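Here's the letter readout for the chains.
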Amino acid sequence: MSCYLCREESRISTLGYYCHNCKKIQDLISVYGKRVYEVLEEVLVRKEAQQKHKIVQEIKKEVSRKNE
Ligand SMILES: [Zn+2]
């Protein structure tokens, strides 16, 4: 049976819902609470957004150079 969270790995046990790695996330949430979501958001989502922003800026520079 696959993990309820990642849906890829096998569950640790038939009574548990999560795989080994996702169980660690559950443990982190029980210790740190909402901070876990904030960290994920800041690190993963924002970095990706910043990368996209950077790419857009570089494309704009390139286009304006070509138009000069
Ligand atoms: Zn999992």
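Bear in mind that the values here come from a model prediction, so they are computed numbers and not experimental data. (Residues numbered from 1 in each chain as written. Predicted model: local features only at pLDDT ≥ 70, side-chain atom pairs only at ≥ 80, totals over all residues.)

Overview of the overall build of the protein chain
Convention followed: Secondary structure follows DSSP: runs of H or I at least 4 residues long count as helices, runs of E at least 2 residues long count as strands, and numbering of each begins at the N terminus. Our radius of gyration is a C-alpha quantity, and the globule rule it is checked against amounts to 2.2 Å times the number of residues to the power 0.38. Put simply, a residue is buried when 20 or more other C-beta atoms lie within 10 Å of its own C-beta and exposed when 12 or fewer do; between those, it is partly exposed, and each C-beta is set from the backbone.
Scanning the protein chain for helices and strands turns up two helices and zero strands. In terms of C-alpha radius of gyration, the protein chain reaches 20 Å, well past the compact-globule figure of 11 Å for 68 residues. Each of the three principal axes of the protein chain carries a C-alpha extent, and together these read 65 × 25 × 10 Å. Of all 68 residues assigned to the protein chain, the portion counted as buried reaches 4%.

Regarding the environment of V36
Our working rule: Here the contact rule is simple: place C-beta atoms from the backbone, and any two residues whose C-beta atoms are within 7 Å are in contact.
Examined against the element boundaries, V36 turns out to sit in helix α2 (residues 35–67). Overall, V36 belongs to the partly exposed group, with 15 C-beta atoms counted inside 10 Å. The spatial distance from the C-alpha of V36 to the C-alpha of C6 is 17 Å, given a sequence separation of 30 residues. If we skip the residues at most four places from it in the chain, V36 touches L28 and I29.

Focus on the domain arrangement of the protein chain
For clarity, the threshold we go by: As annotated, the domain borders come from an automatic or database domain assignment.
The domains assigned to the protein chain are domain 1 (1–32) and domain 2 (34–67). The C-alpha centroid of domain 2 is placed 31 Å from the C-alpha centroid of domain 1.

Section: helix α1 (residues 20–32)
Put simply, the test is: Between the first and last residue of a helix there are one fewer steps than residues, each counted as 1.5 Å, and that sum is the expected span.
A rise of 1.5 Å per residue sets the reference length of α1, with its 13 residues, at 18 Å; its end C-alpha atoms lie 18 Å apart and thus fit the reference within 8%. Looking one or two residues beyond α1, the residue adopting positive phi is G33, at roughly 60 degrees.

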